[in-house]
Amino acid sequence: METPNSKRLFADAIKHMPGGVNSPVRAFKSVGGDPIYMESAQGSQLVDVDGNEYIDYIGSWGPMILGHAHPEVTAAITAAAIKGTSFGTNSEGEVELAKLVKKFVPAVEIIRMVNSGTEATMSAMRLARGYTSRNRIIKFEGCYHGHGDSFLSKAGSGVATLGLPDSPGVTPSTAADTLNAVYNDIGSVRAIVEQNHGEIAAVFIEPIAGNMGCVPADSAFLQDLRDICTAEGIVLIFDEVMTGFRVSAGGAQGLYGTTPDLTTFGKIIGGGLPVGAYGGRREIMELIAPAGPVYQAGTLSGNPLAMAAGIATLSAIDADPEFYKKLEQKGRAIEDGIRQAAGEPLTFNRVGSMFTLFFSEEPVTDFSSAKTSDAARFARFFNALLEAGVYFPPSQFEACFISVAHSESDIEQTISAITDAIAKSRG
Ligand SMILES: *Cc1c(COP(=O)(O)O)cnc(C)c1O
């Protein structure tokens, strides 16, 4: 596959932007080579600036569950743009999107829109601190909650991919208020809660981790977490920026049946435009200004373009009673294909349409087991797949996403490309 135009663009970009990118996960640092520049996308396909086509498993890191440039989403954005992109006042779409989210996620009694997942988690953290009058938070090693200062210790996603040290630029006092527990290990949570009795404002968790690769939580573990938080007056926050509307219309909480106090959203609810949101129990949420004293604001929050894209996306999901069944079937087809083809004991984690193939023989249940994966081999695997026209995230510590636009032939082609890439990646 020849990519001269991508190479030329990246050579220019690196002079003007840090690392040549606007988000580190787009760099190819851990897999080698230059990143690809895309020209357009349609359905399951990406087309690069050299005219090469790829079957896409990044889906813009989660949002594109309907596939790229879905006609209803594109039409909704276009119609909204013609009417004005931002009023700086209230508009009807905000109410409609709030109602749509609430319809699927009953734990969300009221909701506030923001512009990214990062903003949602940072705001939820401030709110939990305001509500409890406590300072410390618990998160889990390998989980990613956006790039807010408090979340950058032992973080997943690009932080894990690049193997970065904990939080240069974060003050020691901020870092000291973040306590890391071990995913799926309730004992590690109990120990921290006991040592910091009456000091923990919130527990943040990805109820299915996607940012150390796909690592599902054990359902008993989530319920135990719920019980500890209830007993200790700790705000339980499910970060469903990735899993919200991905694993079921009710998110991971719908799937597992464990109810958090607050939930953060992003990605799918913005239909490919910049949106985040946080919501949950009315009693807590009503501390947010102007209903209450905890301040949080945004010039472009709830802007009509983003609301239109989100409404169109959630409405399309709502209109198809088979939506998640279809995604599950596609996910299962890929899983079965890979398991049969692998010819060796690799670890394949999947929940519905999110999955990760780990180059590890051990089960992957937390960040340490995720890190047993063979990174050099992943890099060879990634590059062999790319050459075959299958676009995976350029990191072992990310989840792949399937959209409803992935066809049977896409999936067949993917399985055969993966089979070859597994063979080629053997040392
Ligand atoms: C992507 C992600 C975020 C950050 O969202 P941005 O929109 O990139 O700021 C936060 N939490 C989780 C679980 C995510 O997957």
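Residues numbered from 1 in each chain as written. Predicted model: local features only at pLDDT ≥ 70, side-chain atom pairs only at ≥ 80, totals over all residues. Heavy atoms only, no water.

A.B. asks: Can you explain the packing of aromatic side chains? Please cite residues and give values.
C.D. replies: Going through the model one piece at a time under the given rule, you end up with 18 aromatic pairs. Residues Phe-355 and Phe-392 carry aromatic rings whose centres are separated by 5.9 Å and whose planes lie at 65° to one another, so their mutual orientation is edge-to-face. Taken together, the residues span a long stretch of sequence, with Phe-355 in strand E14 (residues 354–358) and Phe-392 in the loop between strand E15 (390–391) and strand E16 (400–401) at a distance of 37 residues. Residue Phe-355 is classed as buried on the basis of its relative accessible area of 0%. In this structure an aromatic cluster arises from ring pairing among Phe-28, Tyr-57, Phe-348, Phe-355, Phe-359, Phe-378, Phe-381, Phe-382 and Phe-392. The ring of Phe-367 has Lys-371 lying over it, and the distance from NZ or CZ to the ring centre is 4.2 Å. (Phe/Tyr/Trp six-rings, centres within 6.5 Å; stacked < 30°, edge-to-face > 60°. Helix = DSSP H or I, 4+ residues; strand = E, 2+ residues; numbered from the N terminus. Buried < 20%, exposed > 50% of the residue type's maximum accessible area, 1.4 Å probe, protein only. Lys NZ or Arg CZ within 6 Å of the ring centre and 35° of its normal.)

A.B. asks: Let's hear about the side chain of Ser-248: which residues, and what values?
C.D. replies: Considering the arrangement of structural elements, one finds Ser-248 in the loop between strand E10 (235–239) and helix H9 (251–256). Non-local contacts of Ser-248, meaning those with residues more than four positions away in its chain, are made with Gly-254, Leu-255 and Tyr-324. (Contact = heavy atoms within 4.5 Å.)

A.B. asks: Any chance you could break down the packing of helix H14 (residues 375–387) against helix H15 (residues 408–425) for me, citing the residues and the numbers?
C.D. replies: For the pair H14 and H15, the least separation of the axes is 8 Å and the interaxial angle reads 140°. Between H14 and H15, the angle is such that the two are oblique. Crossing of H14 against H15: the hand is right-handed. Contact with H14, carried on its side by Arg-377, Arg-380, Phe-381, Ala-384 and Leu-385, involves Ala-417, Ile-418, Ala-421, Ile-422, Lys-424 and Ser-425 of H15 and no other residues of that element. Among the residues making up the contact of H14 with H15, the classes are represented as 7 nonpolar, 1 polar and 3 charged. (Axes fitted to C-alpha atoms, helices over the stretch in contact; angles between N-to-C directions. Parallel < 35°, antiparallel > 145°, perpendicular 65-115°, else oblique. Left-handed = near helix turned anticlockwise from the far one by under 90°. Nonpolar A, V, L, I, M, F, W, Y, C, P; charged D, E, K, R; others polar.)

A.B. asks: I'd love a proper account of the site of the ligand, names of residues and values included.
C.D. replies: Within the structure, the ligand sits among Ser-116, Gly-117, Thr-118, Tyr-144, His-145, Gly-146, Glu-206, Asn-211, Asp-239, Val-241, Met-242 and Lys-267. Between the ligand and the protein, one listed contact pairs a nitrogen atom with a backbone N or O atom of Tyr-144 at 3.3 Å. Lys-267 places a polar side-chain atom, nitrogen or oxygen, 2.6 Å from an oxygen atom of the ligand. With the chains in place, 83% of the 380 Å² that the ligand exposes on its own is no longer accessible. Tallied by class, residues from the shell around the ligand come to 3 nonpolar, 6 polar and 3 charged. (Near = heavy atom within 4 Å. Polar contact = N/O pair within 3.5 Å; in protein donor to acceptor, adjacent residues only side chain to side chain. Areas by Shrake-Rupley, 256 points an atom, 1.4 Å probe, with all protein chains shown as cover.)

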